[in-house]
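Chains, contacts and geometry: an overview
Single-letter residue listing:
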Amino acid sequence: MEEDAVNTVHMIKQCEELPLTSSHIRRESCKDSILKIVYQNTLYGWKDNPSNTELLSFYLRREELTVEQGILLLGTRVVIPRKFRAKIKAELHQGHLGVVKMKALARNFIWWPGIDREIEEITRVCRECNINNHTLKQESVHKWESAPTPWYRVHLDFAGPFMNKMFLIVIDSYSKWPEVIIMNSTTAGNTIRVLRDLFSRYGIPDQVVTDNGPQFVSEEMKYFFKIKWSSSFEVCSLFSRVEAEEEKTLSDSTDVGGIVSKY
């Protein structure tokens with residue numbers, strides 16, 4: 001019973017972050033020709049290997065599927081009915097975040113078969129995304145040596161706006177473990193509070209790689225990195241390096257899990 005309550009609370013929190021209500025998702029899931037079959041099979045068991053391609057995508061992930069209050073979840077991600085997928089993709093693409101950040105956000109909140117491929121297609125045909133991507137390719141990309149241990153080097157970058165929120169994406173270079181933090185404020189002070197919490201839980205990394213955002217080059221952040229934590233603490237500030245590591249992380253993993261928290 002306690003585990004069910006925790007799962008229900010988590011499902012509600014995930015739905016709160018989407019531009020849809022849980023009742024919308026629940027109602028349309030019942031109408032969706034594929035999801036209503038998946039719903040029944042998740043509750044009562046899959047009898048046969050389905051011939052339908054979309055159903056097969058669910059079948060192959062059947063051990064990760066659960067139902068909470070009438071809503072399908074894949075792990076901690078809400079399975080979105082077909083009717084709302086275009087709306088969700090439009091929300092993801094609104095800020096022209098690029099394929100890396102769009103995938104990172106999607107992999108912490110939502111899922112449906114082929115979502116990664118659809119995100120790639122959106123950015124491929126978007127003129128603004130292509131301009132940004134072309135600009136990025138002009139920059140030199142640092143070839144990082146492999147991190148020797150977990151949490152030795154972490155990469156930080158902001159993403160957004162998505163659903164009127166900003167997100168701090170933190171990636172451990174060794175394990176490729178990402179954390180996505182919902183940021184109500186992206187000031188240096190609030191970013192420091194987030195990092196202090198991460199460092200208290202996982203330890204102090206030897207290297208931090210950031211973009212050249214004002215939060216990371218502020219005097220307040222420099223003091224936090226060098227004085228508060230370690231005089232030998234290494235901070236690199238090149239946007240292309242952060243982006244390259246994120247791209248490598250997300251391409252190396254077919255389904256990044258991650259932790260979502262709020263600040």
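Residues numbered from 1 in each chain as written. Predicted model: local features only at pLDDT ≥ 70, side-chain atom pairs only at ≥ 80, totals over all residues. Heavy atoms only, no water.

Under an unreviewed UniProt entry, the name given to the chain is RNA-directed DNA polymerase, and the organism recorded is Cordylochernes scorpioides.

Spatially, 4 strands are ordered β1-β2-β3-β4 in an open sheet, and the strand pairing comes out mixed. Each having just a single partner strand, β1 (65–68) and β4 (110–111) make up the two edges of the open sheet. Note that strand β2 (residues 71–74) and strand β3 (residues 77–79) share 2 bridges and pair antiparallel. Paired with L73 across the bridge in β3 is V78. Packed onto the sheet, helix α6 (residues 99–109) meets β3 and β4 and runs at close to 85° relative to β3. (Pairing = 2+ DSSP bridges. Helix = DSSP H or I, 4+ residues; strand = E, 2+ residues; numbered from the N terminus. Contact = heavy atoms within 4.5 Å. Axes fitted to C-alpha atoms, helices over the stretch in contact; angles between N-to-C directions.)

A few words on the pairing of β2. Residues I71 and L73 of β2 are buried on one face, and the alternating residues L72 and L74, pointing to the opposite face, are buried as well. With 4 bridges connecting them, β1 and β2 associate as antiparallel partners. If you follow T66 over to β2, its bridge partner there is L73. The hairpin formed by β1 and β2 contains 2 residues between the paired strands, and Q69 there has a positive phi angle of roughly 50°. Turn length for the β2-β3 hairpin, with the two strands adjacent in sequence and antiparallel, is 2 residues, and the turn residue G75 shows positive phi of about 65°. (Buried < 20%, exposed > 50% of the residue type's maximum accessible area, 1.4 Å probe, protein only.)

Once that is clear, we can look at the pattern of salt bridges. A complete count under the given rule lists 12 salt bridges for this structure. One salt bridge in this structure joins E120 and K103, with 2.5 Å as the shortest N-O distance. In this pair, E120 is assigned in helix α7 (residues 115–125) and K103 in helix α6, connecting sequence segments 17 residues apart. What makes E120 partly exposed here is its relative accessible area of 37%. Each member of the salt-bridge network shares a partner with another, and the members are E28, K31 and K83. (Salt bridge = Lys/Arg side-chain N within 4 Å of Asp/Glu carboxyl O.)

Moving on, we get to the side chain of K103. Here K103 falls in the buried class, since its relative accessible area comes to 11%. A polar contact is formed between the side chain of K103 and the side chain of E120, at a distance of 2.5 Å. (Polar contact = N/O pair within 3.5 Å; in protein donor to acceptor, adjacent residues only side chain to side chain.)

Moving on, we come to the packing of aromatic side chains. Applying the stated rule across the entire model yields 6 aromatic pairs. Judged by centre distance (5.7 Å) and plane angle (70°), the ring pair of W46 and Y59 falls under edge-to-face. Taken together, the residues span a long stretch of sequence, with W46 in the loop between α3 (35–44) and α4 (53–59) and Y59 in helix α4 at a distance of 13 residues. You can call W46 buried: its relative accessible area is 18%. The class for Y59 is buried, based on a relative accessible area of 15%. Between F58 and W111, the ring centres sit 5.2 Å apart and the planes meet at 90°, which makes this aromatic pair edge-to-face. With F58 in helix α4 and W111 in strand β4, the pair connects residues that are 53 residues apart, well separated along the chain. Summarising the burial analysis for this pair, F58 and W111 share the class buried. (Phe/Tyr/Trp six-rings, centres within 6.5 Å; stacked < 30°, edge-to-face > 60°.)

Relative to each other, α6 and α7 sit at 150°, their axes nearing to 10 Å. Taken together, the axes of α6 and α7 are roughly antiparallel relative to one another. For the pair α6 and α7, the crossing hand works out as right-handed. Residue-level inspection shows V99, M102, K103, A106 and R107 of α6 in contact with α7, the latter providing I115, D116, I119, E120, I122 and T123. Each residue belonging to the contact of α6 with α7 can be placed in one class, and the counts come to 6 nonpolar, 1 polar and 4 charged. (Parallel < 35°, antiparallel > 145°, perpendicular 65-115°, else oblique. Left-handed = near helix turned anticlockwise from the far one by under 90°. Nonpolar A, V, L, I, M, F, W, Y, C, P; charged D, E, K, R; others polar.)

Let us now look at unusual backbone geometry. Of note in the backbone geometry, W151 takes a positive phi value of approximately 65° without being a glycine. With respect to the element layout, W151 can be found in the loop between α8 (127–138) and β5 (153–162). With a phi angle near 65°, K176 is a residue other than glycine that sits in the positive phi range. When you line up the elements, K176 lands in the loop between β6 (165–172) and β7 (178–183).

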